[in-house]
Every structure is written in C-alpha cells, then in structure tokens.
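Chain and residue survey
Take a look at the letters that make up each chain.
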Amino acid sequence: MSLPDVLARIRAAEARAGRLQGSARLVAVTKGHLLEEIRARVLTHGDFPLGENRGQEVRDKVREWSETAQGVPQPEWHCIGPLQSNKVKYLERVALIHAIEDVSQAEVVAEYAQKWGHAPGVLLQLHNGEAQKHGIEPERLGAVLSGVRATGLDVLGLMVMAPYEQPDEARRIFRETAQRAHDLGLAELSMGMSGDFETAVEEGSTLVRVGSALFEE
Ligand SMILES: *Cc1c(COP(=O)(O)O)cnc(C)c1O
C-alpha cells in the first residue's frame, strides 16, 4: 500500500462509523527506516507524525534531520514502544509518548521535562488481556492515572495493542479501551496497526500507528 491508500482506508472507516473526516490521525511508524525512505514514502504526502520505538533511533534521526533538512522544521516525533527509563534522556524532541505503563516511568519523564523546559504529552498503555507482558491491568488504571497526573504530566489518552490475527478479539479490545477512555474523560485513543487499523478507526481510534503497510511495495 502507499500512504494515500492507507489514508483513503482511514477516511472510509471514519465514514462507516459516522465519524468526522480527519478525526483519526495517521502516525507513520518509521522504525528501522532511513530518513531518505521516510521522506520518499511518508513526508512527500504531508506532515505526518512519525512513530519510533527506540530512544537512540529517535535521537539519531533528530540529529540527522537537523544536519540534512536545511532548516525544514523537525517532524512531530512520537515514541510508541515500551519505554525504558534509562532511554528517556533521548526523547527531548518527542511530542507524545504512547506507552507509559507505570508511575515510575512518568516520574523519570517529568524529571527530564523539567530539565528540557517542556514536557511531552503521554498516553497510558492498557493491558489487552492476552498473554502480553506490556500494559496496565484495568483494575490498576485509575491509580496509575492519578499517579501519573501527580507528576505534572498531561495524560491525553489510552493506547492498546490487539493480538495479531484475531479480528474479533481486536474489535472487542478496541471497543473496551474506547469505553474506558470515555469513562475517564480521556480524548485520545492510540489503537490500530497495519493489520487492524480500519477496525480501530471504526471503534474510535484517534491515532493509528501504521508501519509495514506504508513501506511494502
Ligand atoms: C511497529 C509498531 C507498530 C506498527 O506496526 P505495523 O504492523 O508495522 O503497522 C505499531 N505500534 C507499535 C507499538 C509498534 O512497535
């Protein structure tokens, strides 16, 4: 698929769900790809946020961008993967961290935010009920939300990953996550990847994290 194909599918899913056109944003997942490829496959089509999951890779790409982009402003960088506290130092240019899983991670981010003079927005990653090691158990969500807010960070929403190749299960997980976000008054929902982004948009995703679909021929 090309990026315009992915966007068309997002818009069609919004329409099926009776959602406002453009209410689901595409986060182009660019991990493992060179800036050259990212410019050719993503940024030629518009200013999309770029999702990375390793701190060093963000830092290196930010650096390479400043050295090669001849004054063109940095893209909007997002950190979508599991957060390691010792890698937070690389995330100065990141606008949104998608996968906060506990209060201690938020404390480290808040500490760096002080140092940087600006703070990234954060999402809390919910556990999806499968045999998956990442994410906050639903019964701890309220406590983690209060704890993260107490660090001063702005919690914008929830993130979840559905199990691969189980479409019905994915829809159920997306729907439950949307309900929890709604109950907590959280507006952003980071849900959906190459295999399930249309379902995620139908269930209310506001940030779809699509990687491989954008880069395969
Ligand atoms: C890699 C990754 C994606 C993108 O997955 P694709 O299947 O390539 O679209 C989305 N979210 C997270 C957290 C990822 O690590």
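Under an unreviewed UniProt entry, the name given to the protein is UPF0001 protein, and the source organism is Deinococcus piscis. Quoted verbatim from the Sequence similarities (unreviewed entry) field of the UniProt record, the comment on the protein reads "Belongs to the pyridoxal phosphate-binding protein YggS/PROSC family."

1. Digging into the packing of aromatic side chains
A complete count under the given rule lists one aromatic pair for this structure. Their ring planes at 35° and their centres at 5.6 Å tell us that tyrosine 112 and tryptophan 116 sit as a pair that is tilted. Here tyrosine 112 and its partner tryptophan 116 are both found in helix H4 (residues 103-116), four residues apart, which amounts to about one turn of the helix. In terms of burial, tyrosine 112 and tryptophan 116 fall into one category: buried. Lying over the aromatic face of tyrosine 112, lysine 115 brings its terminal NZ or CZ to 4.4 Å of the ring centre.

2. A short note on the site of the ligand
If you check the shell around the ligand, you find Val29, Lys31, Asn53, Ile80, Met161, Met193, Ser194, Arg209, Val210, Gly211 and Ser212 and nothing else. For the ligand, an oxygen atom lies 2.5 Å from a polar atom in the side chain of serine 194. At 2.8 Å from an oxygen atom of the ligand is found a main-chain nitrogen or oxygen belonging to serine 212. Protein coverage of the free-state accessible area of the ligand, which is 390 Å², stands at 85%. Across the shell around the ligand, the residue classes tally to five nonpolar, four polar and two charged.

3. Some details on unusual backbone geometry
Located in the positive-phi region is glutamine 70, a residue other than glycine, with phi close to 45°. With respect to the helices and strands, the residue glutamine 70 is situated in the loop between helix H3 (55-68) and strand E3 (77-79). Glutamine 70 sits in the exposed class, given a relative accessible area of 77%.

4. Looking at H4
Between its first and last C-alpha, H4 extends 20 Å over 14 residues, near the 20 Å set by a 1.5 Å rise per residue. Where H4 is concerned, the buried positions are Gln105, Ala106, Val108, Val109, Ala110, Tyr112, Ala113 and Trp116. Packed against the buried residues of H4 are strand E4 (94-100) and helix H5 (141-150). Immediately beyond the C-terminal end of H4, within one or two residues, lies glycine 117, with a positive phi of roughly 85°.

5. So, the nonpolar core
In globular proteins that are soluble, nonpolar side chains generally tend to be buried together. Counting 61 residues, the largest nonpolar core has Ile10, Leu26, Val42, Ile97, Ile100, Leu124 and Val148 as its most contacted members. When residues no more than four places from it in sequence are discounted, the contact partners of isoleucine 100 are Leu83, Gln105, Ala106, Val109, Val122, Leu123, Leu124, Gln125, Ile136 and Val148. Core analysis: the second largest hydrophobic core is formed by six residues, Val27, Leu96, Ala99 and Met159 among them.

6. Description of helix H6 (residues 167-184)
Taking 1.5 Å of rise per residue, 18 residues should cover 26 Å, and H6 covers 26 Å from first to last C-alpha, within 8% of that figure. Of the positions making up H6, those classed as buried are Ala170, Ile173, Phe174, Thr177, Ala178 and Ala181. Taken around the axis of H6, the buried residues stretch over an arc of 135°, which confines them to a single face. Exposed positions of H6 whose direction lies more than 90 degrees from the buried face are Asp168, His182 and Asp183. If you follow the buried residues of H6, they end up packed against strand E6 (155-159), strand E7 (188-190) and helix H7 (197-202). Phi turns positive, to about 70°, at glycine 185, one or two residues after H6.

7. Brief notes about the pairing of E6
For E6, a buried count of four out of five residues is recorded, marking the element as mostly surrounded by other parts of the structure. Sheet topology note: the E6/E7 ladder contains three bridges and is parallel. Along E7, the bridge assignment pairs glycine 157 with glutamate 188. At this point the chain moves from E6, through H6, to the parallel E7, and the crossover so formed is right-handed.

8. Describing the pattern of salt bridges
Here the idea is simple: oppositely charged side chains can pair when their charged atoms come close. A full pass over the atoms with the stated rule returns 13 salt bridges. The salt bridge involving arginine 172 is made with glutamate 169; its shortest N-O contact spans 2.6 Å. Of this pair, arginine 172 and glutamate 169 both sit in helix H6, separated by three residues, roughly a single helical turn. Taking the shortest distance from any N to any O, the salt bridge between arginine 175 and glutamate 203 comes out at 2.8 Å. Of this pair, arginine 175 sits in helix H6 while glutamate 203 sits in the loop between H7 and strand E8 (207-210); the two residues are 28 residues apart in sequence, bridging distant segments of the chain. Looking at arginine 175, the relative accessible area reads 48%, which means it is partly exposed. Among the charged side chains, a salt-bridge network with shared partners connects Arg16, Arg171, Arg175, Glu202 and Glu203.

Parameters and conventions
Residues numbered from 1 in each chain as written. Predicted model: local features only at pLDDT ≥ 70, side-chain atom pairs only at ≥ 80, totals over all residues. Heavy atoms only, no water. UniProt positions renumbered as here; feature names shortened; annotations may be inferred. Phe/Tyr/Trp six-rings, centres within 6.5 Å; stacked < 30°, edge-to-face > 60°. Helix = DSSP H or I, 4+ residues; strand = E, 2+ residues; numbered from the N terminus. Buried < 20%, exposed > 50% of the residue type's maximum accessible area, 1.4 Å probe, protein only. Lys NZ or Arg CZ within 6 Å of the ring centre and 35° of its normal. Near = heavy atom within 4 Å. Polar contact = N/O pair within 3.5 Å; in protein donor to acceptor, adjacent residues only side chain to side chain. Areas by Shrake-Rupley, 256 points an atom, 1.4 Å probe, with all protein chains shown as cover. Nonpolar A, V, L, I, M, F, W, Y, C, P; charged D, E, K, R; others polar. Expected span 1.5 Å × (residues − 1). Contact = heavy atoms within 4.5 Å. Core = buried A, V, L, I, M, F, W, Y, C linked by side-chain atoms within 4.5 Å. Arc of directions from axis to C-beta. Pairing = 2+ DSSP bridges. Right-handed = clockwise from strand over helix to strand, strands pointing away. Salt bridge = Lys/Arg side-chain N within 4 Å of Asp/Glu carboxyl O.

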